[in-house]
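# Coordinate inspection notes
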Amino acid sequence: GNSVTQMEGPVTLSEEAFLTINCTYTATGYPSLFWYVQYPGEGLQLLLKATKADDKGSNKGFEATYRKETTSFHLEKGSVQVSDSAVYFCARNTYGGSQGNLIFGKGTKLSVKP
Amino acid sequence: GAGVSQSPSNKVTEKGKDVELRCDPISGHTALYWYRQSLGQGLEFLIYFQGNSAPDKSGLPSDRFSAERTGGSVSTLTIQRTQQEDSAVYLCASSLLDSYGYTFGSGTRLTVV
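So, here's what we can say about the structure. (Residues numbered from 1 in each chain as written. Chains lettered and ligands numbered in written order. Predicted model: local features only at pLDDT ≥ 70, side-chain atom pairs only at ≥ 80, totals over all residues. Heavy atoms only, no water.)

Residue and element names in this part refer to chain B. The sheet built from four strands is open, its strands ordered β1-β3-β7-β6 with antiparallel pairing. At either end of the open sheet lies a strand with only one pairing partner, and these are β1 (5-7) and β6 (65-69). Ignoring strand direction, the axes of neighbouring strands in this sheet form an average angle of 15°. Of the strand pairs in this sheet, β1 and strand β3 (residues 19-24) are connected by three bridges, and their pairing is antiparallel. Bridge pairing in β3 places Ser-5 opposite Asp-24. (Pairing = 2+ DSSP bridges. Helix = DSSP H or I, 4+ residues; strand = E, 2+ residues; numbered from the N terminus. Axes fitted to C-alpha atoms, helices over the stretch in contact; angles between N-to-C directions.)

Moving on: the state of the cysteines. Within this structure, the stated rule accounts for two disulfides over all chains. Paired by a disulfide, A:Cys23 and A:Cys90 hold their sulfur atoms 1.9 Å apart. Here the S-S torsion is close to -75°, and the disulfide linking A:Cys23 with A:Cys90 is therefore left-handed. Remark: A:Cys90 occurs in strand β10 (residues 86-93) and A:Cys23 occurs in strand β4 (residues 23-26); sequence separation between them is 67 residues. The partner cysteine of B:Cys23 in its disulfide is B:Cys92, sulfur to sulfur 1.9 Å. (Disulfide = S-S within 2.5 Å.)

Right, let's get into the side chain of B:Gln6. All names here are of chain B. Of note, Gln-6 is situated in strand β1. Residue classification places Gln-6 among the buried residues on the basis of a relative accessible area of 11%. A distance of 3.0 Å separates a polar side-chain atom of Gln-6 from the backbone nitrogen of Gly-107. With sequence-adjacent residues up to four places away left out, Gln-6 is seen in contact with Arg-22, Trp-34, Tyr-90, Leu-91, Cys-92, Gly-105, Ser-106, Gly-107 and Thr-108. (Buried < 20%, exposed > 50% of the residue type's maximum accessible area, 1.4 Å probe, protein only. Polar contact = N/O pair within 3.5 Å; in protein donor to acceptor, adjacent residues only side chain to side chain. Contact = heavy atoms within 4.5 Å.)

All names here are of chain A. By the definition in use, this model includes 14 aromatic pairs over all chains. Arranged with centres 6.0 Å apart and planes meeting at 80°, the rings of Tyr-25 and Tyr-66 form a pair that is edge-to-face. Within this pair, whereas Tyr-25 is found in strand β4, its partner Tyr-66 is found in the loop between β8 (62-65) and β9 (75-77), the two being separated by 41 residues in sequence. Tyr-66 shares its class with Tyr-25; the two are buried. (Phe/Tyr/Trp six-rings, centres within 6.5 Å; stacked < 30°, edge-to-face > 60°.)

Listed below in structure tokens is the structure:
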């Protein structure tokens, strides 16, 4: 089937810790992959994306690499800040390229303590 | 407008009543999407409009749910005979044709009592 699976939260880290949020997908083709972030009280925002195998998306110190061999798109950040506390959603599209609706994982809540 | 606008921001309705939720996408965005966000369930795709093509309704959970998009712009999601399990945040998003990533609205929190 077509789905996205991400690690369950909540994840609690101290400031400046290393962050990894795992995400794997199933697909019959080669979807585009995304990470969205939802800060407390706000709407979802696109954090980063990758559109083909081995692409690395990056933004605000976050990175994720499209790994076709492991069907993964893990989110990483070397040093988290309190302001990174949010819910992170991994997603893939359904039609490939830029088209189609997105299928989201269930979200991972990150809490960063000072 | 500058962003995707949804109204109302909050709606409390009695079980069995009909509700209409409105989405005003970013001007010029040809694609419009409705999602539902429930606690513990993540984001559930409902319906997708792309230009003048027939909408992808594959995510609508029952025939009580319907949506339309008038003039390629504003969209209305209608839920008939609401049930308590319809309580959720309903999110709208829009995007340009051939662009990656959506712009989401702030959502409508629907509570069915």
